[in-house]
Every structure is written in structure tokens, then in C-alpha cells.
Amino acid sequence: MSFTTRGFSGRRRQPETRLPPGQTLVEKWPVLSAGPTPVVDTADWELTIQDETGTDHRWNWDELIALGVEDITVDIHCVTHWSKLGMAWRGVSLDKLFEHVGSRHQYVMAHSHGGYTTNLPLEDLLGGKAWIAIEAEGRPLHPEHGGPARLLVPHLYFWKSAKWIRGLTMMPGNDPGFWERYGYHIHGDPWQEQRYR
Amino acid sequence: MNALHTAAMPDQPRARTAWHTATIVEKLAETPHAVRLTLAAPTWPGSEPGTHLDVRLTAPDGYQASRSYSVASSTPAGNVVLAIDELPDGEVSPFLVQDARPGDQLEIHGPLGSYFTWLPGRSDRPVQLIAGGSGVVPLYAIALAHDAAGDPAHLQLLYSVRTPAEVFFADELAALTGPTFGLDLVYTREAPHDWPDPIGRLTRETLAARTIPASQRPHIYVCGSTGFVETITPWLVDLGHSATDVLTERFGGL
Ligand SMILES: Cc1cc2nc3c(=O)[nH]c(=O)nc-3n(C[C@H](O)[C@H](O)[C@H](O)COP(=O)(O)OP(=O)(O)OC[C@H]3O[C@@H](n4cnc5c(N)ncnc54)[C@H](O)[C@@H]3O)c2cc1C
């Protein structure tokens, strides 16, 4: 490391082994989004997965829950340099949803209430790596944090865990979503520090 | 996904962001708890008003800390001006406010966050800026760009701040006021002695009375602590503004 800032030694608050490069541990849970927080009622809630034939696979709230809610304990890493370790979540594995979807497309655009989108390769969503999360730290997910339901893809930077999720659309290629078009990395692996393109 | 209503998308791909070495060339007291840092950054590409950058500090043993700061003003291959409020017990802001001095080097990465920008000539709709505390920094950048371009759109800044001494860019903002830029201060703890308005946190009623009404379809930019933004934005939606007309930048904290 040739570059240093004179006089800076840092205030290390944590052992760094579980933190990706450039991340700082937080106890509280910061909020990052580009607009107001949408308020969505579970009574009207619906999730759609659209495949290449234009078919919509739909689940309402009760149908989602009926697929089976799992306990999940994961670390989350936000591109704005904070990480929160060992968070307790509950949600439905995307494996359960995709059991019902036959698609050859290997990429997914996640759509949120409020119009935001983010793109993901299907392989990052399957194999026990991603969930539709409905609870965090023992409580229903607060709207600020994407409630009633958000995508949870903890192995990628947290903007990929789309808040206020309303649908997934299968895509043949890895088209950039909202944040990615504004310069965020197309993939977003925190361990490789894929913050910006 | 038919009739998907889409948040504003950028017109064209942005310049690649990159790391730049920057040298502090000037450090001024901005408020009793904040400094204004001018950085010389010869490779900086310039930035659109409203955007931010990441500051990275590196200790001799290689340890690094990064935080985001909004750009108050910048020129390509020239200077970048930041304004930094000290958070007690923080890691980066106390270093920048207390310890850093002219001649010191740090690294900056950006520009970032081009969803939170306003560009002259794009729209003739009025613009309502709403700031809490240090959240005024990117909004000051917008007001500056509006003035520099002589853009005819009406701009209005509602600025919530604890005390008169804690107003960021106080002289500069006062100098920008005129027929197309209005400045409206709300003091939450202490006001000048002849101040006509009540002292205290922004209320829904104050917000309704002192911002551009929804009927005029303003573009709205809200910036401040997360708590400030989360308080203000639902009121804006209640007042009839479309959620897609409200852009937010949350600085963190409670
Ligand atoms: C897009 C964006 C733009 C921004 N622009 C500006 C700007 O223009 N000006 C500005 O002043 N700020 C700005 N900020 C905020 C800035 O990025 C920093 O968050 C701020 O300076 C605090 O950083 P810090 O390192 O001093 O504090 P941190 O070390 O991050 O700590 C923040 C607070 O949390 C507490 N804390 C942190 N970790 C712990 C822990 N483990 N245990 C207990 N307490 C803890 C600290 O006591 C402190 O009060 C911006 C933020 C964003 C996201």
C-alpha cells in the first residue's frame, strides 16, 4: 500500500475477517433508496414471475407463505460501505417459487413498487442463495426496509435485494436495472468490491 | 409486468467513475461543527450538481475507511469542494473536521449517485429543494448550477437547521436568492432574535404552507438524515405530489 493519508490510523471497531473490503460494521440498520417509501398492504400484495412466453406465474400473500417460510441468518453488505452481521430473517426461498416456472432464460429483472428495477443472473437466485423476505429481526419487514416483502440476496451488495418486490421478469441477457444504469456494478459481489462499473 | 411504471431513467450512460488522488488545499470552518474542504483533484472529471463521491482514507498499515460526501461544487481537472459535519464518535468525519489539514492527501471515487441530479435546461417545471442540516450540500450544488446557467425555472429551498450558526453556505445561499431562487429557513432550536416564525421541527403544516404546491408539479429533492427524509417524504406524497417527482438522498443516522 503506497498511498496513505497523513495522521489517519482509523478507529477499528471490529475484527475484520467477516467484512468484505471497504466495509464498516454497523449495529443499526441504515436506509438507502432513491425516493419516498411506498406503502403496500399485504391484502393487495402479489408477486409475479413472467417467463419468455409472457405467462405470469402469480402468488398472493397467503400463497407465498404457504410455500414455506424459512429462518435465515446472514450478513448483509451495502454499497454505501456498511455491513450488518448475523441478521435474522424469515422468508420464502426462490427455489420454491422457481419450481413452478419453466424458463430457458438465465437472467432476471426484479421489479419493485415505485418503479425501481435491478438485474440478476438466475444462478444467483437459486440453490438456497435468495429469498422473498417478509420478516427481519423478529418483526414484519418495515416499509423503510422494503416491507411487506423484499428480495434477499445477501451474497451480493444490498441494492440487489430489491425492496417492495412485486415481480421478476425472465430475460435472455443481463440488461442493467435502475441502479446499474446509474453506474452501479452489473453484478455487485462485495468480496470483489464490485461497487461501480 | 404490463403498465410498469418506471422511475426516471438516465438518458445516456454516465462517465465511468474512478479513483482520484486529491490534496486538501483549503480548510475553512463552515459551522461550529463542520468544515469546508477544498480538494485539488487534477484527474477529477467534474460532476453533475447533486452527486456525491466516496472519500477513502488509508492508514500506514493499509487499513482503509470510506464514507460518502456530496459535492458542493467541482470543476473538471480542478477543485472539489465538500462540507463535512462532525459526528461525535464517528471514524471519518472527526478526522476530516479535526485532524486533516492543507497538504494532506486522500482518495476520492466518483462522481456517484447521478439519480439525484438536476441539470439546467432539462425541464421548465419548478424545483422544490428540502434540506435538513448537512443535507443542504447537494442542494446547494443544484442552486449554484441553476444560478450559473441562468436557468429560468423557479427554485425554492426549504432548509431546516438547528441554529443560525449551523447554516451551511449561509453567505453563498443568501447571495443566490433572487427572482428565481427563494430561500426559506426553519430553525429547530434557536433563531435570530427578530425571527417571525415559530422555532421547532418542521411540521406537516409548515411543509404544506412553505413549499411549492402539488398543482404546480415541482420536481422535489429531499436530503438529510434518514430520519429527516423518512419524516418529510410521506407528507409530500400526502400533499398530492407524485412519488416519482420526489427524489431523496439519505445521509444515514437516525
Ligand atoms: C450519499 C451520501 C452523501 C453524504 N453527504 C454528506 C455530506 O455532504 N456531508 C456530511 O457531513 N455527511 C454526508 N454524508 C454522511 C457521511 O457519509 C458519513 O456517514 C458521516 O460523515 C459519518 O461518518 P463517520 O465515519 O464520522 O461516522 P461513523 O464511524 O460511520 O459513525 C456514525 C455514527 O454511528 C455511530 N457508530 C458507528 N459505528 C458504531 C458502533 N459499532 N458502535 C456504536 N456506535 C457506532 C458513531 O458514534 C457515529 O455517531 C453522506 C452520506 C451519504 C450516504
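It should be emphasised that the depicted structure is a prediction, and the values quoted were computed from it without experimental measurement.

Counting its secondary structure elements, chain A contains three helices and eleven strands. Ordering the α and β elements of chain A from the N terminus gives β-β-β-α-β-β-α-β-β-β-β-β-β-α. Against the globule reference of 16 Å for 197 residues, chain A gives a C-alpha radius of gyration of 17 Å, in line with a compact fold. Principal-axis analysis of the C-alpha atoms places the extent of chain A at approximately 60 × 35 × 30 Å. Counting the 197 residues in chain A, one finds 57% classified as buried. Across chain A, contacts joining residues at least 24 apart in sequence account for 66% of those joining residues at least 6 apart. Carbon and sulfur atoms make up 48% of the accessible area of chain A, which amounts to about 8200 Å² in all. In chain A, 20 side chains carry a positive charge and 24 a negative one; their mean positions are 11 Å apart.

Right, let's get into the packing of aromatic side chains. Both the distance between ring centres and the angle between the ring planes are used here to describe each pair of aromatic rings. Counting across every chain of the model gives 19 aromatic pairs over all chains. Ring geometry for A:Phe8 against B:Tyr63: centres 6.4 Å apart, planes inclined by 20 degrees, an arrangement best described as stacked. With A:Phe8 in the segment before strand S1 (24–25) and B:Tyr63 in the loop between strand S3 (52–58) and strand S4 (64–70), this pair bridges two chains. The pair formed by A:Phe8 and B:Tyr63 is uniform in burial state, with each residue classed as buried. A ring pair is formed by A:Trp179 and A:Tyr184, whose centres lie 5.7 Å apart and whose planes are at 20 degrees; its orientation type is stacked. Taken as a pair, A:Trp179 and A:Tyr184 share a single burial class, namely buried.

Here we come to the pairing of strand S4 (residues 70–77) of chain A. All names here are of chain A. Where S4 and strand S5 (residues 82–93) come together, seven bridges link them in antiparallel fashion. Looking at the pairing, His 77 lines up with Ser 83 of S5. With antiparallel pairing between neighbouring strands as the criterion, S4 and S5 make up a hairpin whose turn holds four residues, including His 81 at a positive phi of roughly 85 degrees.

On to the site of the ligand, then. Among the 22 residues in the neighbourhood of the ligand, the closest are listed as B:Arg67, B:Ser68, B:Tyr69, B:Val92 and B:Ser93. Each of chains A and B places residues next to the ligand. Between A:Lys28 and the ligand, the recorded distance is 3.4 Å, taken from a side-chain N or O atom to an oxygen atom. Within the backbone of B:Ser68, an N or O atom sits 2.6 Å from an oxygen atom of the ligand. Burial of the ligand by the surrounding chains reaches 80%, relative to a free accessible area of 970 Å². At the level of elements, S4, strand S6 (79–85), helix H1 (93–99) and strand S12 (246–250) of chain B are the ones that each hand at least two residues to the shell around the ligand. Of the residues forming the shell around the ligand, the biggest block, four residues, is contributed by S4(B). In terms of residue class, the shell around the ligand is made up of nine nonpolar, five polar and eight charged. Structurally, the shell around the ligand is a two-domain feature, drawing no fewer than three residues from each of domain 1 (18–111) and domain 2 (127–251) of chain B.

Bringing unusual backbone geometry into the picture now. That bond from A:Gly147 to A:Pro148 is cis: its omega, 10 degrees, falls within 30 degrees of zero. Note that A:Pro148 resides in the loop between strand S9 (139–140) and strand S10 (150–152). Between B:Gly110 and the following residue, B:Pro111, the backbone shows a cis peptide bond with an omega angle of 0 degrees. Tracing the chain through its elements places B:Pro111 in strand S7 (residues 105–112).

Scoring rules and cut-offs
- What you see as residue numbers is a count from 1 along each chain, following the sequence as written.
- The naming scheme follows written order: chains are lettered A onward, ligands numbered 1 onward.
- In keeping with the model being predicted, local features are shown solely for residues with a pLDDT of at least 70 and side-chain atom pairs are shown and tallied solely at 80 or more, while totals for entire chains, interfaces and linings include all residues.
- As a convention, hydrogens and water are excluded, and side-chain values are obtained from all of the structure's heavy atoms.
- Strands here are runs of E lasting at least two residues and helices are runs of H or I lasting at least four, both read from the DSSP assignment and numbered beginning at the N terminus.
- Throughout, radius of gyration means the C-alpha value; the globule benchmark is 2.2 Å times the number of residues raised to the power 0.38.
- Using a 1.4 Å probe on the protein chains alone, a residue whose accessible area is under 20% of its type maximum counts as buried, one over 50% counts as exposed, and one in between counts as partly exposed.
- Between two residues, a contact is recorded if the distance between any of their heavy atoms is within 4.5 Å.
- The Shrake-Rupley method, run with a 1.4 Å probe sphere, supplies the accessible areas, and residue values consider only the shown protein chains as cover.
- When charges are counted, Lys and Arg are positive and Asp and Glu negative, with His and the chain ends excluded.
- Positions of charges follow a simple convention, taking NZ of Lys, CZ of Arg, CG of Asp or CD of Glu.
- Centres within 6.5 Å are what make two rings of Phe, Tyr or Trp a pair, Trp counting through its six-membered ring; a difference in plane orientation under 30 degrees is then read as stacked, over 60 as edge-to-face, and the rest as tilted.
- Two strands pair under a simple rule: DSSP has to find at least two bridges between them.
- The nearness test applies per residue and asks whether one of its heavy atoms lies within 4 Å of the molecule or strand.
- By the criterion applied in these results, polar contacts are pairs of N or O atoms within 3.5 Å in which, for protein atoms, one can donate a hydrogen and the other can accept it, and in which residues neighboring in sequence qualify only through two side-chain atoms.
- Under this grouping Gly is polar, as are all residues other than the nonpolar Ala, Val, Leu, Ile, Met, Phe, Trp, Tyr, Cys and Pro and the charged Asp, Glu, Lys and Arg.
- All the domain ranges listed were derived from an automatic or database domain assignment.

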